[in-house]
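Each chain, letter by letter, is given below.
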Amino acid sequence: MIIFGRRIPMIFALLIWLLVWEAIGRAELLFLIPPFADVVRAMFKLLATGKFYQAVSVSFIAFSTGMMISISIGIPLGILMGRVRFIDELLGMWVNVFVSAPLTAIVPALMVLTGFGQTTVIVTVILFSVWIITLDTRAGVRNINPSLLEMGRSFGANKLQLYTKVIFKAALPEILAGLRLGLIRGVRGVIVGQLLIAIIGLGELFELYSRSFLMDRFWALVIMIFLFAYMISEAVNHLEKRIEFWASTR
Amino acid sequence: MQANTIQNRPIIEVKELSKTYPGRVEALRNVNLSIPRGQLTTLLGPSGCGKTTLLKIIAGLLNKTEGNVFINGQPVNGPGPERAFVFQDFALLPWCTVLRNVAFGLELRGVPGKQRNEIAMKYIDEVGLTGFEKAYPYELSGGMRQRVGLARALAVDAEILLMDEPFASVDEQTRRKFQEDLLNLLKIEKKTVVFVTHSIEEAVYVSDQVALLGPRPGRIMRVINTRLDHAENVEDIRRDQRYLNLVEDLWQILRQYLI
């Protein structure tokens, strides 16, 4: 950011917005927006309660279980779709529908199948994240230079070696991009699942705070979930940077 | 006596080979060709004459429609360890160092790490890339990348090198140097080479035998023995009157096929 010809670190933009928030809060313009200082105070209070950790652990288990299933279905499925024309034609339509469908609308219907508990939340996480992982993996496999595959075959790679030593590695940049998007969507899936059906975990806290107008705690929770999603995204970003040196020159 | 017959027999025999791509594009029609052991044979022709198709069928990377290819008397049903391929676009693994790329064929065969690195280092040295073994392909020029591709093909110790327009993507000076280095290298490494190119000068310069292909559908028009002595100093070949005459003769034949 450049103001009056001086370079100012980007963090100042954040500071300005926090000041605006604080001002609106102090002026009591909207009861929805308490002063930012109150939100920070609420955050520390939350971090000191056992109920919060209980909620976090319930949510985190749902998230990580869902993501593990999502990844172990999404990546192989994407590779298969990228390689086998028949499978691509059979499933391509559905993957494309689901990746852009308003999934939140479908979630309540899951109740019928999976009930009100943790299972539904896990299924929601999978439903939110698996499609983008599949699609990006497929795109990565489709992008592979055909002569790399010929090279593998001509130097005697068997099927397994071709998939592990050539295809998977060559598609890795797209797979990681899909993984990053999938993880962020998965975070959304946990919250949506816990809010709409199974009122447990962080969703339950959200429900409680917004119903009783505890807006400082509500925002504290929003910020912490945002930070969590941001950290996951940065972690994958870190992996992407490690392969960027060759990914950008393919 | 028995050994002698095997030695004299062509290492590669292409018999009545035809290839039609899906959509009825006829790439090759009734191709017959013998490739003598220990020599460099060029497949020369204009683009679209099916020379790369022929090379990839010999490599076992493409299926034939009719006819057969025999290597040491055995019909080709896929890639095999007696053949190694050098790709026009190098086909290096961009996430691997030069060393790992050169050793890749050995890695696929399950040669233990230490041993395959030793072999790879020998060939990195032979193609003149000593000191670059830890570099990644993106750090190398086109010519150097193709040297990696060549070292990889040499490292698996195949009898036959199949080279698909190996110098097409490098600049003129680099190409000339590379051609000279290839001839010098082949004096040490006794290989049979099948070399695809569309450059008449290149074909005459590197070859013992040139197979001229005509376009649409591809077929062999003529096979010419260059009778150039590649054991001589490689830098003298370009001044050899026989080299100059052959370049001109081949051009006179090939120009008929151009519109």
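What you see is a predicted model, and the numbers here were worked out from it, not measured in a lab.

**Regarding the domain arrangement of chain A**
Residue and element names in this part refer to chain A.
Stage number 1. Its domain assignment divides chain A into domain 1 (1-33) and domain 2 (34-248).
Stage number 2. Taking only C-alpha atoms, the centre of domain 1 and the centre of domain 2 are 31 Å apart.
Stage number 3. Contacts between the two partners involve eight residues from domain 1, matched on the other side by nine residues from domain 2.
Stage number 4. Here domain 1 and domain 2 share an interface that buries about 770 Å² over both sides, 73% of which is from carbon and sulfur atoms.
Stage number 5. Along the contact surface separating domain 1 from domain 2 lie zero salt bridges.
Stage number 6. In this assembly, domain 1 and domain 2 are joined by four residue pairs in polar contact (both at pLDDT 80 or more).
Stage number 7. Looking at side-chain class alone, the side of domain 1 that touches domain 2 contains five nonpolar, one polar and two charged residues.

**Regarding helix H7 (residues 172-188) of chain B**
Stage number 1. For H7 of chain B, spanning 17 residues, the distance from its first C-alpha to its last is 25 Å, which sits close to the expected 24 Å at 1.5 Å a residue.
Stage number 2. Buried-residue contacts for H7 of chain B involve strand E3 (40-44), helix H5 (113-126), helix H6 (142-155), strand E7 (160-164), strand E8 (192-197) and helix H8 (200-206) of chain B.

**A few points about the side chain of serine 147 of chain A**
Stage number 1. Checked against the element boundaries, serine 147 of chain A lands in helix H7 (residues 146-154).
Stage number 2. For serine 147 of chain A, a relative accessible area of 8% puts it in the buried group.
Stage number 3. In contact with serine 147 of chain A, not counting residues within four places along its chain, are Phe87, Asp89 and Ala91 of chain B.

**Considering the interface of chain A and chain B**
Stage number 1. If you look at the interface, chain A gives 20 residues, while chain B gives 24 residues.
Stage number 2. Between chain A and chain B the total buried area reaches about 2,000 Å² when both faces are included, carbon and sulfur atoms providing 66% of it.
Stage number 3. If you look at where chain A meets chain B, you find two salt bridges.
Stage number 4. Put simply, lysine 56 of chain B and glutamate 150 of chain A hold a salt bridge, and the shortest N to O gap is 3.0 Å.
Stage number 5. The interface formed by chain A and chain B includes six residue pairs in polar contact (both at pLDDT 80 or more).
Stage number 6. At seven residues, the largest contribution of residues to the side of chain A that touches chain B is made by H7 of chain A.
Stage number 7. Its residues placed into classes, the side of chain A that touches chain B shows eight nonpolar, seven polar and five charged.

**Description of the packing of helix H4 (residues 85-100) of chain A against helix H6 (residues 118-142) of chain A**
All names here are of chain A.
Stage number 1. Contact geometry of H4 with H6 gives a least axis separation of 9 Å together with a crossing angle of 130 degrees. As the angle between them shows, H4 and H6 are arranged oblique. For the pair H4 and H6, the sense of crossing is left-handed. Across the interface between the two elements, Asp88, Val95, Asn96, Phe98 and Val99 from H4 touch Trp131, Ile132, Thr134, Leu135, Arg138 and Arg142 from H6.
Stage number 2. Looking at side-chain class alone, the contact of H4 with H6 contains six nonpolar, two polar and three charged residues.

**Topic: the nonpolar core**
Stage number 1. Leu221 of chain A together with Ile12, Val14, Leu54, Leu150 and Leu250 of chain B are the most contacted members of the largest nonpolar core, which has 158 residues in total.
Stage number 2. Other than its neighbours up to four places away in sequence, leucine 54 of chain B contacts Val14, Leu17, Leu28, Val31, Leu43 and Leu213 of chain B.

**With respect to the environment of leucine 103 of chain A**
Residue and element names in this part refer to chain A.
Stage number 1. Examined against the element boundaries, leucine 103 turns out to sit in the loop between H4 and helix H5 (107-114).
Stage number 2. Here the alpha-carbon distance between leucine 103 and glycine 189, two residues 86 residues apart in the chain, equals 9.2 Å.
Stage number 3. When neighbours within four sequence positions are excluded, leucine 103 is seen to be in contact with Phe98, Leu127, Phe128 and Trp131.

**Focus: the packing of aromatic side chains**
Stage number 1. This model, assessed by the stated rule, comprises 18 aromatic pairs over all chains.
Stage number 2. Pairing phenylalanine 52 of chain A with tyrosine 53 of chain A gives two aromatic rings, centres 5.5 Å apart and planes at 75 degrees, and the pair type is edge-to-face.
Stage number 3. The buried category is assigned to phenylalanine 52 of chain A, whose relative accessible area is 7%.
Stage number 4. Taken together, a centroid distance of 5.7 Å and an interplanar angle of 50 degrees make the contact between phenylalanine 245 of chain A and tyrosine 138 of chain B tilted. Of this pair, phenylalanine 245 of chain A sits in helix H11 (residues 215-247) while tyrosine 138 of chain B sits in the loop between H5 and H6, each in a different chain.
Stage number 5. Assessed through its relative accessible area of 34%, tyrosine 138 of chain B is described here as partly exposed.
Stage number 6. Clustering of aromatic rings is evident, with ring pairs tying together Trp21, Phe36, Phe206, Phe218 and Trp219 of chain A.
Stage number 7. Above the plane of the ring of phenylalanine 178 of chain B lies arginine 147 of chain B, whose end atom (NZ or CZ) is 4.6 Å from the centre.
Stage number 8. The lysine or arginine in question, arginine 238 of chain B, covers the ring of tyrosine 205 of chain B, its NZ or CZ lying 3.9 Å from the ring centre.

**Focus on the sheet that holds strand E6 (residues 83-86) of chain B**
Residues and elements named next belong to chain B.
Stage number 1. Strand order in the open sheet formed by six strands is E6-E7-E8-E3-E9-E10, with mixed pairing between adjacent strands. Bordering the open sheet on either side are E6 and strand E10 (219-225), each of which pairs with just one other strand. For this sheet the average axis-to-axis angle between neighbouring strands, irrespective of direction, equals 20 degrees.
Stage number 2. In this sheet, E8 lies alongside E7 in parallel orientation, the contact comprising five bridges. Bridge pairing links aspartate 164 to valine 196 in E8.
Stage number 3. Helix H2 (residues 51-59) rests against E3, E6, E7, E8 and strand E9 (209-214) of the sheet, and its axis sits at about 150 degrees to E7.

Definitions and cut-offs
Just so you know, the residues in each chain are numbered from 1, in the order the chain's sequence is written. Working convention: letters from A go to chains and numbers from 1 go to ligands, in the order in which they are written. At least 70 in pLDDT is required for a residue's local features to be given in this predicted model, at least 80 for side-chain atom pairs to be given and counted, and no such filter applies to totals for whole chains, interfaces and linings, which use all residues. Note that water and hydrogens are dropped before the side-chain values are worked out from all heavy atoms of the structure. The source of the domain bounds is an automatic or database domain assignment. Residue contacts follow a heavy-atom distance rule, with two residues in contact if any of their heavy atoms lie within 4.5 Å. Buried area is calculated as the accessible area (1.4 Å probe) missing from two parts once they are joined, with the contributions of both summed. Salt bridges are defined by distance alone: a side-chain nitrogen of Lys or Arg within 4 Å of a carboxyl oxygen of Asp or Glu. Throughout this description, a polar contact denotes any pair of N or O atoms lying within 3.5 Å of each other; where both atoms belong to protein, one of them has to be capable of donating a hydrogen while the other can accept it, and for residues adjacent in sequence the pair is counted only when both atoms sit in side chains. Only Asp, Glu, Lys and Arg are considered charged, only Ala, Val, Leu, Ile, Met, Phe, Trp, Tyr, Cys and Pro nonpolar, and every remaining residue, Gly among them, polar. Going along the chain from the N terminus, every DSSP run of H or I of four or more residues is numbered as a helix, and every run of E of two or more is numbered as a strand. Multiplying 1.5 Å by the helix residue count minus one yields the expected span of that helix. Throughout, exposure labels follow a simple rule: accessible area from a 1.4 Å probe, protein chains only, divided by the maximum for the residue type, with under 20% read as buried, over 50% as exposed, and the rest as partly exposed. To define axes, lines are fitted to C-alpha atoms, for helices over the stretch in contact only, and angles between the resulting N-to-C directions are given on a 0 to 180 degree scale. Note that the term roughly parallel is reserved for angles under 35 degrees, roughly antiparallel for angles over 145, roughly perpendicular for angles of 65 to 115, and oblique for everything else. Here a crossing is taken to be left-handed if its near helix is turned anticlockwise relative to the far helix by less than a right angle, and right-handed if that turn runs clockwise. Only buried residues count toward a nonpolar core, which is a set of Ala, Val, Leu, Ile, Met, Phe, Trp, Tyr and Cys residues joined through side-chain atoms within 4.5 Å. Pairing of aromatic rings covers Phe, Tyr and Trp, the last counted by its six-membered ring, and requires centre-to-centre distances within 6.5 Å; plane angles under 30 degrees mean stacked, over 60 mean edge-to-face, and any other angle means tilted. For a ring to carry a charge above it, either NZ of a lysine or CZ of an arginine must fall within 6 Å of the ring centroid while also lying within 35 degrees of the normal to the ring plane. Paired strands, in this sense, are two strands between which DSSP finds at least two bridges.

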